[in-house]
Structures are given as structure tokens and as C-alpha cells.
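These are the residues of each chain, in order.
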Amino acid sequence: MVHDTRPTAHELLSLPRLTPLVPMLYVAWTDGELTHDEIRALGAAARAQPWLDLRSNTVLARWLDPLMPPSPGELAQVREYIRRTAERLSHSGQQSLAELGAQLSEVVSEIDGMPAPMQELSRALAVLEESLGVSGPEAVRNLVPAGAPEPPHPRPTEPTRFDPEALRAVLDRKYPEVRARVRDWLADPAFRYVDTRDTDAYRDKVLAWLKALADDGLGRIAFPSGDEAGADLGAFIAAFETLAFFDLSLVVKAGVHFGLFGASILFLGTERHHREYLPKVASLELPGCFAMSELHHGSNVRDVETVARYDAQAGNFVVHTPTDGARKEWIGNAARHGRMATVFAQLEVDGKALGVHALLVPLRDVQGKVLPGVRIEDCGLKMGLNGVDNGRIWFDHVRVPRENLLDRFGGVDEKGEYTSSIPGDSKRFFTMLGTLVAGRVSVACAALSAAKSGLTIAVRYGEVRRQFGPAGAKEVRLLDHQTHQARLLKPLARTYALDFALEHLVDRYVKRTEEDAREVEALAAGLKAYTTWHTTAVLQEAREACGGQGYLEANRLPALKADTDVFTTFEGDNTVLMQLVAKGLLTGYRQRFEDDRVFAVLRQIADKAASVMADRNPFAARRTGSEHLRDGDFQLRALRYREEDLLASVALRLRKRLGTGVEAFEAFNQCQEHLLALAEAHVERLVLEEFLKGVAAVKDPGLKAVLSRLCDLYGLTCLEDASGWFLEHGLLEGSKARAIRKEVVRLCAEVRPDAVALVDAFGIPDTCLAAPIGLGHLSP
Ligand SMILES: Cc1cc2nc3c(=O)[nH]c(=O)nc-3n(C[C@H](O)[C@H](O)[C@H](O)COP(=O)(O)OP(=O)(O)OC[C@H]3O[C@@H](n4cnc5c(N)ncnc54)[C@H](O)[C@@H]3O)c2cc1C
């Protein structure tokens, strides 16, 4: 006769000493992924527990015999038992099978008088649970679906005590009155989004908005007295940044007219230009364009082909487009409204080519009719920014007075002679371009505002929208999903970091001198590229984080994405700008050993090699604890190390090539990837440095706590992203890389309860966010 020796629920459940193990035994058999060896190992570990008697041990061995699994019916009985007993527990929300087992045994022991040394039991069970290798909380949720309204993985931390208004004051630190003024403008019902599909109507609306702002003094913020001394472009940038919470066509049109056309007159012109034109720019009486790019020359402006030839007899310039590739392309405000343009052209005086200069060329009369010799075409429908009338312009021997040359750096006198304070054409050209850096600073600030809008929409939605949850319980909020936290809160931390870094940039820009002008230009180039790339990535993430709702025009994200996409291209293509940053760093590097170049280079390299081997490795400490990882100084040293290493190594590579006769352009081209990595490492380090300084200056303990956490999240995210490089260079061990990754996850969970308050602190007027999804049809 054959006996069925399969284990039964009855024998298991009748032995109180086995009760703490019941949830684990159930999961071991129902998980479906445990191998025979794993089940055997669990059995061996369980049988070693001191509280088991002989009888319990025998039954346990039967329950863990991999060749004799319990039947589904027996397992169902066990599950039923667990659920019924769990109902009698005074507390719910167990986080592990060990905890559940220990609590079940408490209930049973009350009945049967078995002693329940809870802490010891839990500890021993936890070791067993680990050998199971399953997710405890998830297994518990499946086993005992709680009837509780909130999910069994509650928020990891309490919100930090801080006042979002006080945080907003920290973010509005510079020019708060200007920002308040723009917020007041945006509160006016006139500033509401319009249907953008009718391009003509949209463009008219954008012009009307701009006119209303000019009437209210937007232009006078930049040019209060029509001269350079009175100009406050820092205040204008703050206004521009705040305006960028609203329609971005308006922002770009304002940027073209005030920021590019106005600033070119201010910085490239002289007193008579200021007097004559700036008041008309401020009032928008003279809508203007900035005509630099051509069809064949976008990034490479030095080689534009438009010509401005001086006619000594007539005493004026002849501006001409020699080929179709030389037509001015993409010019904002040109297709419909611009009446005058700052045109960049190759200057020729007395048969001599003098390089690129800028002249004021009238385009239309007061009635808006295009002037003779000028031809303008509309660029057509774009991916975004369709409220801006971009156009292409051809000039056919257009004559403009000698005085229209913006002659701060070089001019033609009454005798027809060219004079300049800067002798070299190339140096003069770069000096001229350098003065126009405000455009890049403004674009970076506006881009960050758009990133803030996207994050505000997605974070608020993530707080109210629920998807999935434990069986029988309420679904959880999107922001309580771990991946959702990572995809929104890491960018949130970077956005805060950039806010501090851009404040530093504006400050340096406002206080720049001739000596540090180049450095400020490089700073602007790097931060413009880094911020606009960040914005593009954030808005894509925000769109996806809102699911299908993010795709709806009414929810603002499509326009934000489409309008800001090109920020990575205009005002200097990002890749080209990053090369400029790297070249700037190399110039500084060369200056460090200018006295005795070759030997100093060799010494520098030797120093570097020695330091890599020795204690300069920022990861030399193997510590992986939170306290160590959350040390800003450690994070900064690591980022600085990467930057210095990339700088030294690219310098070495370039030197080798140049030393063997490779032509300079080709040598740089062979190292382009390396140069870009250097530029990114530089900007990332700089952003962290500014964030750390900003947090150190905050006094309020609540604000300091929440900002410090964001700062750690930014610093460690940078290290996490760069861990490949550090591992590749043998500076970082796998265990530390893993610890960094885990710390980032932990920090995201800690920031999560503050997420909504952190986006509220951006102070974006609700009207600018349109009808944010989630707030209308969902209740929290
Ligand atoms: C909507 C819009 C509005 C604009 N408004 C104005 C305006 O008002 N006034 C004005 O003057 N211009 C304006 N522009 C033009 C803008 O400044 C140029 O598009 C920009 O400078 C890039 O030039 P490009 O389009 O010719 O691109 P290209 O210079 O041809 O670049 C194309 C690609 O090649 C890469 N590349 C180029 N050079 C290098 C290099 N050295 N190394 C590696 N990669 C390289 C770039 O990274 C880029 O990805 C506007 C453009 C747009 C789209």
C-alpha cells in the first residue's frame, strides 16, 4: 500500500512553534521561483532555530522537502489561516514576512501560552527571509491585503518644516520687485493663452502683448535713460526669466527686440546711436531684428557673406547679399513686424576687408511696407514658437548712411578712413560678439523657467493621480512609485542647483569688467548649453510622467516642449558652445605654465600621474555610509578631480598632435569628444559649487534642511551618472558605486514628501500653467 506522505496544512498549523515560519513556508512554495537548493537551504537554516522541538522539526523537514511539495489545496488552507489570524492583529502594515510571522506567533501564543520573545524572533526570522530572496513587503501585501485606505508602504519621511513662501523669497533673491511686477502683469486677464493654430492671429496677439508690456515699462527696465550707464540688463533678465512662465513666443519676441536688437545698439553702438534709438526700442516704436545668421553660415558667424562696402564718394555703405546662401535666415521679427535690423556683414573700406561688423539697416517704413532693395520671405510654420515671425532677408545694394555703422569697436570717419581701438580683425570680432553675451544668459534663465513649469505640472499631477496598489487597498499616488520619484525629483534637484548657478552667472555678468569678460562669456556659454539640454530632457520626462494627459495641448506640456526645443540651437548651438568652454579652460591651463612651457607641461603631467596613484583620489575612502556620501565636500572633490583629469589628459593629447605637426583644426577635431566631456565636467562641478555656496548662505533651519537634501541629491546624481568614468579609471569600487546609487534612491524618497511644496516655491502663477491636469478632474 502506498501512503501519500505529502505535508498537510493540519500538521503544520497544529504546532504553535511553527507559526512564525508559516508565512515564509507559504511564500517558499507559492513564489514559484525558488530552486530546490534554495528551499533546502531555507530548511536547514530554519531547523537550526533553538525554539523548535523535535516534533516541529520533523514536520518542518516534511514541509521543506523539495521532492514532496504540498498540494494546492493544502496551501490554500495555509493562506486562509494566515489571513484569518492576521485579522486579529492589533496593528497592520507589516513590512516583511518575518514581522508578519512574529506577530502571528504573538496571537497564537496568547492562546496557547507559548512565550514570544518578539525581538529575538524577528531578528532570527529576518535572516531566514533574506535567504528566501523575495521582496518581503510585496509578498506580505499579496498575502494579507489590508483593508486600510492608505498603501502599506507609507511615505518614507515626514515633510520638512519649511515655508514655501520663504523659499520663494530665496529664489527671488535678486530683483524681487521686478519679478513681482512681471507677476502682476501676468495676473492681468489680457495675458491668457490663445489658440495658436491661426498663425497670423497668434503673431498679432504676441505683438499686442509685447506692446502692452512696453507701454508698462518692460523696455525701460533695460534702457531707463537711453544710455549705457543707465542700462540695467540684470533687472531685464530677471523680468525675462519671470515672463518665461507664460507664452514663450512672447518671451522670444521680447528677447529678439529688447535683448538682441536693443542690446546690439547699446553695446556695439556709441552715444549718438543710444540717444537716437534706445528710447524708440524701449517703447517699441521701432520694432527691430538681429540679423546675424545666414543660410550657409549659422554657427560659423565669422564667415558670413553679406557685404557692407563703403562708398567714399557717396559717404554711405552699400549692403548686399552676394549669393542665395548669404541671405539672412531665421531672423526673428523680420517676416511681419521688424522695421530695422542690426545686420552683420563683412566690412570693406577702400578695397580692404576688415571682418564682420554690424550696421543698422531699415527694413520697413512706418506703415510697415518693405523698403526698396530689401526682400523678405516668411520662414514658414515651425515646430514651435509660431507667435514669432521668423523671416529671411535679401539685400540688393541697399544704401545706408555712414552713421549707421555701430562703431564702438571700429568706424569710418568723414574722410572715409577706418579706425579701430582693436587692431586685429579676429580679436575685434570676438570682442564684439562677447558684448552680446546677455542673450545667452537670458535664454538660459528662460529655459530654466520652462523646466520649472514642466516640473510643477508633473509633480502636482503625480501627487493626485493614483495607479496600481496592493490587492484590496486604495491605489497609490504616482509619486509613491520609486521610479516616478527618480524621474521627477532628480531633475527637480538639478533645477534648484541651476537656479543658484544662474544667479551666480547673472551676478558675474552684471559686474563683469574688461579683465574677466572672457571668463564670463565662457560661463554663459557653458550654463546656456547645460541648462537648455536639461530643460529639453525635463520636459520630455514631465510629459511622460503625466501619461496620456501630458500629450494634451490644454495641459501645456506640448507647447513647452515644442517652444523650448530650439533653445539648444539658437543663441549658439550647444555643442559648439561647449567647445568654446573647453577651449577657454585650455587657455587658462596654458597660462599656468607659460614661463617655461615644455618642462612645466611635463612636470604637470608627472604631478598628475603621481596624484592619481596617491591620496588625491576622492574615492580613496572606502566608506559607503550616508554621512560620508552626503558630504558636499566629498562630492565636490570627486567632480573637481574628474574635471582636472580630463583637462590634463586632453591637454596632453593635443600637445602630442600639435608636436607632431598635426594642423590645429585637425588636432582639435580629433579630440572633440574629449573636449566636450571636459566642458560638461567643468559645468557640473561649477553648478554643484554654486549650489553648495547658496545652501550655506541660507539661515532658516527648515529651508537649509530641504535645500541640503536637494543639494546632496544633485551632487550624488552627478556622481551616479559619472560612475562609469570613475570605474573606468579605477578610482571607484563597485561597492561604492552601488552605495551611491542606493543613496540617490533614499534621497528621492526623502524629498518626496516635500515635492509639491518645492514646486509651489517656484511661484508660477496658476494662470500660466493653464488648466493643469489632475487638479480639475481628480481629487487627492
Ligand atoms: C527659431 C529660430 C530663431 C532664430 N532666430 C535668429 C535670429 O533672430 N537672428 C539670428 O541671427 N539667428 C537666428 N536663428 C539662427 C540660429 O542662431 C542658428 O540656427 C544657430 O546659430 C545654428 O546655426 P545653423 O542652424 O546653421 O546650424 P549649423 O551651424 O549648421 O549646425 C548644425 C549641426 O552641426 C553641428 N556643428 C556645427 N559646427 C560644429 C562644430 N564646429 N563641431 C561640431 N559640431 C558642429 C551643430 O552642433 C549642429 O548640431 C534662429 C534659429 C531658429 C531655429
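Quantities reported herein were computed from a predicted structural model and do not represent experimental measurements.

*Asks:* Explain the overall build of the protein to me, using residue names and the numbers behind them.
*Replies:* Summing up its helical and strand segments, the protein has 30 helices and eleven strands in all. Pairs at least 24 apart in sequence give 75% of the contacts found in the protein among residues at least 6 apart. Summed over all atoms, the accessible surface of the protein reaches about 34100 Å², with 52% contributed by carbon and sulfur.

*Asks:* Outline helix α14 (residues 248-268), listing residues and values.
*Replies:* At Gly-255, α14 is deflected by roughly 30°, the largest bend along its length. Counting buried residues in α14 gives 21 out of 21 residues, a clear majority hidden from the surface. The distance from a side-chain oxygen at the start of α14 to the backbone nitrogen of Ser-249 is 2.8 Å, and the residue carrying that oxygen is Asp-247.

*Asks:* Talk me through the state of the cysteines; I want residue IDs and the actual numbers.
*Replies:* Taken as a whole and assessed by the stated rule, the structure comprises zero disulfides. Counting only cysteine sulfurs, Cys-718 is the nearest neighbor of Cys-711, a cysteine outside any disulfide, at a range of 9.7 Å. Residue Cys-718 is classed as buried on the basis of its relative accessible area, which comes to 0%.

*Asks:* How would you explain the pairing of strand β8 (residues 391-395) if you had to name every residue and give the values?
*Replies:* Along β8, five of the five residues are buried, which leaves the element largely enclosed by surrounding structure. Going residue by residue along β8, you find Gly-391, Ile-393 and Phe-395 tucked away on one face and Arg-392 and Trp-394 tucked away on the opposite face as well. Bridge analysis of strand β4 (residues 328-331) against β8 gives two bridges, and the strand direction is antiparallel. Bridge assignment links Lys-328 to a residue of β8, and that residue is Ile-393.

*Asks:* Can you tell me about the packing of helix α24 (residues 632-659) against helix α27 (residues 701-721), naming the residues and giving the values?
*Replies:* Closest axis-to-axis distance for the α24/α27 pair is 10 Å, and the angle between their directions is 35°. Like other packed secondary-structure pairs, α24 and α27 cross with a definite hand, here left-handed. The segment α24 lies against α27, with Phe-634, Gln-635, Ala-638 and Leu-639 engaging Cys-711, Asp-712, Gly-715, Leu-716, Cys-718 and Leu-719. Across the contact of α24 with α27, the residue classes tally to seven nonpolar, two polar and one charged.

*Asks:* Provide a residue-level description of the sheet that holds strand β7 (residues 374-378), including the pertinent values.
*Replies:* One open sheet holds the three strands; their spatial order is β4-β8-β7, and the pairing between them is antiparallel. Strand pairing shows two members of the sheet lacking a second neighbour, β4 and β7, which therefore form its edges. The mean angle between the axes of side-by-side strands here comes to 25°, regardless of whether they run parallel or antiparallel.

*Asks:* So what's going on with the site of the ligand? Which residues, and what values?
*Replies:* Residues in close proximity to the ligand total 17 residues, the closest being Phe-290, Ser-293, Ser-299, Trp-330 and Asp-573. Ser-293 places a polar side-chain atom, nitrogen or oxygen, 2.8 Å from a nitrogen atom of the ligand. Relative to its unbound accessible area of 970 Å², the ligand is 66% covered by the protein chains. At the level of elements, β4 and α21 (574-592) are the ones that each hand at least two residues to the shell around the ligand. Ranked by the residues each element gives to the shell around the ligand, the list is headed by α21, at three residues. Grouping the constituent residues of the shell around the ligand by class yields seven nonpolar, nine polar and one charged.

*Asks:* Residues and numbers for the pattern of salt bridges, please.
*Replies:* Applying the stated rule across the entire model yields 53 salt bridges. The partner of Glu-463 in a salt bridge is Arg-752, and the shortest N-O contact between them spans 3.1 Å. One end of the pair, Glu-463, is in helix α17 (residues 438-464); the other, Arg-752, is in the loop between α29 (734-751) and α30 (755-760), and 289 residues separate them in sequence. Considered together, Glu-463 and Arg-752 belong to a single accessibility category, that of buried residues. Across the salt bridge formed by Glu-684 and Arg-642, the nearest N and O atoms sit 2.7 Å from each other. Here Glu-684, found in helix α26 (residues 672-697), pairs with Arg-642, found in helix α24; they are 42 residues apart in sequence, far enough to count as distant. We note that Glu-684, like Arg-642, is buried. Overlapping salt bridges bring together Arg-173, Lys-174, Lys-452, Asp-499, Glu-503, Asp-507 and Lys-511 as one network.

*Asks:* Explain the packing of aromatic side chains residue by residue, including any values.
*Replies:* Overall, the coordinates contain 13 aromatic pairs when judged by the stated rule. Relative to Phe-246, the ring of Trp-209 lies with its centre 5.0 Å away and its plane at 65°, an arrangement referred to as edge-to-face. Placement of the pair is Trp-209 in helix α11 (residues 199-215) and Phe-246 in the loop between α13 (233-243) and α14, with a sequence separation of 37 residues. Here the two residues Trp-209 and Phe-246 agree in accessibility, since each one is buried. One aromatic cluster is present, formed by Phe-191, Tyr-193, Trp-209 and Phe-246 through successive ring pairs.

*Asks:* A description of the pairing of strand β6 (residues 352-362) should follow, citing residues and the corresponding values.
*Replies:* Summarising burial for β6: eight of the eleven residues are buried, a large majority. Direction of pairing for strand β5 (residues 340-349) relative to β6: antiparallel, over a ladder of nine bridges. Among the inter-strand pairings, Val-343 is bridged to a residue of β6, identified as Leu-359. Hairpin connection of β5 to β6: two residues between the antiparallel strands, including Asp-350 at a positive phi of 55°.

*Asks:* Report on the nonpolar core, specifying residues and quantitative values.
*Replies:* When a protein is soluble and globular, its nonpolar side chains tend to lie buried together. In this structure, Tyr-496, Leu-527, Phe-691 and Leu-707 are the most contacted members of the largest nonpolar core, which totals 175 residues. Sorting elements by how many residues they give to this core places α17 first, with 15 residues. Each residue touching Leu-707, except ones within four places of it in the same chain, is listed here: Leu-167, Tyr-496, Phe-500, Phe-691, Val-695 and Val-698. By size, the runner-up hydrophobic cluster in this structure holds 40 residues, among which are Tyr-26, Ala-46, Leu-100 and Val-107.

*Asks:* Tell me about the packing of α13 against helix α18 (residues 482-510), and name the residues and values.
*Replies:* In contact at an axis separation of 9 Å, α13 and α18 are set at 150° when each is read in the N-to-C sense. One finds that α13 runs roughly antiparallel with respect to α18. Seen from α13, the contacting residues are Leu-233, Gly-234, Ile-237 and Glu-241; seen from α18, they are Asp-499, Val-506, Tyr-509 and Val-510. Considered class by class, the residues forming the contact of α13 with α18 number five nonpolar, one polar and two charged.

What counts and how
- Residues numbered from 1 in each chain as written.
- Predicted model: local features only at pLDDT ≥ 70, side-chain atom pairs only at ≥ 80, totals over all residues.
- Heavy atoms only, no water.
- Helix = DSSP H or I, 4+ residues; strand = E, 2+ residues; numbered from the N terminus.
- Contact = heavy atoms within 4.5 Å.
- Areas by Shrake-Rupley, 256 points an atom, 1.4 Å probe, with all protein chains shown as cover.
- Bend = angle between axes of the 7 residues up to and from the residue.
- Buried < 20%, exposed > 50% of the residue type's maximum accessible area, 1.4 Å probe, protein only.
- Polar contact = N/O pair within 3.5 Å; in protein donor to acceptor, adjacent residues only side chain to side chain.
- Disulfide = S-S within 2.5 Å.
- Pairing = 2+ DSSP bridges.
- Axes fitted to C-alpha atoms, helices over the stretch in contact; angles between N-to-C directions.
- Left-handed = near helix turned anticlockwise from the far one by under 90°.
- Nonpolar A, V, L, I, M, F, W, Y, C, P; charged D, E, K, R; others polar.
- Near = heavy atom within 4 Å.
- Salt bridge = Lys/Arg side-chain N within 4 Å of Asp/Glu carboxyl O.
- Phe/Tyr/Trp six-rings, centres within 6.5 Å; stacked < 30°, edge-to-face > 60°.
- Core = buried A, V, L, I, M, F, W, Y, C linked by side-chain atoms within 4.5 Å.
- Parallel < 35°, antiparallel > 145°, perpendicular 65-115°, else oblique.

Just distances and angles here, no functional claims.
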